[in-house]
Amino acid sequence: MGTDCLFCRIVAGEIPATIVRETATTLAFRDIDPKAPTHVLVIPKEHYADVATLAQGDPGLAGELLGTAAVVAEEEGLTVDGFRLMFNTGPYGGQEVFHVHAHLLGGAPLGPMLCR
């Protein structure tokens, strides 16, 4: 992807991030505007616009992304009380950065999934 993708630039080291876990294919880093006490973004290093595109294009990488999220949840101490793993897809889904990313949220009760 070109230099206009924020997360591709983080993967390239052009933009700093607080990295909590890195594998050969994934990167997990703290969200700069956390919505919960623990808010980590988990991304594939390869650019895919959204989770549907990733799942269709490389199911194995999609599994690696979920595996990284599970390890981070354990390392962050979220597995006892629970956590939320959320993908926003497209404008109606609230996606703001069009590089697939999972929001790993926890550390306190999160309340309802949707507010009306």
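Residues numbered from 1 in each chain as written. Predicted model: local features only at pLDDT ≥ 70, side-chain atom pairs only at ≥ 80, totals over all residues. Heavy atoms only, no water.

Colleague: Tell me about the nonpolar core, and name the residues and values.
Modeller: Core analysis: the biggest nonpolar cluster contains 15 residues, and Ala28, Val40, Val42, Tyr48, Leu54, Val72 and Leu104 have the highest contact counts within it. Going through the elements one at a time, β3 (38-44), α3 (59-75) and β5 (102-106) are the ones with two or more residues in this core. Top element by residues in this core is α3. It accounts for six residues. Not counting chain neighbours up to four residues away, the residues in contact with Ala28 comprise Thr18, Ile19, Val20, Arg21, Val40, Leu41, Val42, Thr68 and Val72. Residues Cys5, Phe7, Ile10 and Leu41 belong to the second largest nonpolar core, which totals nine residues. (Core = buried A, V, L, I, M, F, W, Y, C linked by side-chain atoms within 4.5 Å. Buried < 20%, exposed > 50% of the residue type's maximum accessible area, 1.4 Å probe, protein only. Helix = DSSP H or I, 4+ residues; strand = E, 2+ residues; numbered from the N terminus. Contact = heavy atoms within 4.5 Å.)

Colleague: An account of the packing of aromatic side chains is needed here, citing residue identities and associated values.
Modeller: Applying the stated criterion across every chain yields a total of one aromatic pair. For the pair Phe7 and Phe29, a centre-to-centre distance of 5.5 Å together with 75 degrees between the ring planes defines the contact as edge-to-face. Of the two residues, Phe7 is situated in helix α1 (residues 6-11) and Phe29 in strand β2 (residues 26-30); the sequence distance between them amounts to 22 residues. Accessibility assignment for this pair places Phe7 and Phe29 in one class, buried. (Phe/Tyr/Trp six-rings, centres within 6.5 Å; stacked < 30°, edge-to-face > 60°.)

Colleague: Outline the sheet that holds strand β1 (residues 19-22), listing residues and values.
Modeller: The five strands lie next to each other as β1-β2-β3-β5-β4, forming an open sheet whose pairing is antiparallel. Looking at strand neighbours, the two that pair on one side only are β1 and β4 (83-87), the edges of this open sheet. Averaged over all pairs of adjacent strands, the angle between their axes in this sheet comes to 20 degrees, without regard to strand direction. As paired strands, β3 and β5 are joined by five bridges and run antiparallel to one another. Paired with His39 across the two strands is Leu105, which belongs to β5. Across the face of the sheet, α3 comes into contact with β1, β2, β3, β4 and β5 while running at roughly 155 degrees to β3. (Pairing = 2+ DSSP bridges. Axes fitted to C-alpha atoms, helices over the stretch in contact; angles between N-to-C directions.)

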